[in-house]
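Results of the structural survey
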Amino acid sequence: MVATTHQNKARALAVPDLSVASAALWLTATFILAAMAYYFIGYDQGAWSVFGNDTHIHEFVHDSRHFLGFPCH
């Protein structure tokens with residue numbers, strides 16, 4: 001029986017080299033996406049919607065609103 005040796009090399013995490021501008025772009029995009037999700041789930045009431053008198057978005061996220069504690073009635 002031949003014994004094999006495995007060398008355990010320390011592996012570094014692959015962290016991309018982000019510039020300040022790239023990091024700012026990612027943070028801005030994440031903030032805008034989060035703000036839109038917060039608006040649609042938390043505040044879009046259908047009748048008071050920014051997109052007119054349409055309740056499709058409100059009805060789509062209706063159960064999520066109650067689960068997260070947002071009142072809508």
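It should be emphasised that the depicted structure is a prediction, and the values quoted were computed from it without experimental measurement. (Residues numbered from 1 in each chain as written. Predicted model: local features only at pLDDT ≥ 70, side-chain atom pairs only at ≥ 80, totals over all residues. Heavy atoms only, no water.)

A few words on the confidence of the model for the protein. Summing up the model confidence of the protein, the mean pLDDT is 75 and the portion of residues at 70 or higher is 59%. Element-level mean pLDDT values for the protein span from 74 in helix α2 (residues 56-60) up to 89 in helix α1 (residues 20-42). (pLDDT = per-residue confidence, 0-100. Helix = DSSP H or I, 4+ residues; strand = E, 2+ residues; numbered from the N terminus.)

The UniProt record annotates "transmembrane region" (unreviewed entry) at residues 20-41. Spanning residues 20-41, this segment combines 100% helix with 0% strand, and its end C-alpha atoms are found 31 Å apart. (UniProt positions renumbered as here; feature names shortened; annotations may be inferred.)

Below, the discussion takes up the side chain of H62. Within the element layout of this structure, H62 appears in helix α3 (residues 62-67). Residue classification places H62 among the buried positions, given a relative accessible area of 15%. (Buried < 20%, exposed > 50% of the residue type's maximum accessible area, 1.4 Å probe, protein only.)

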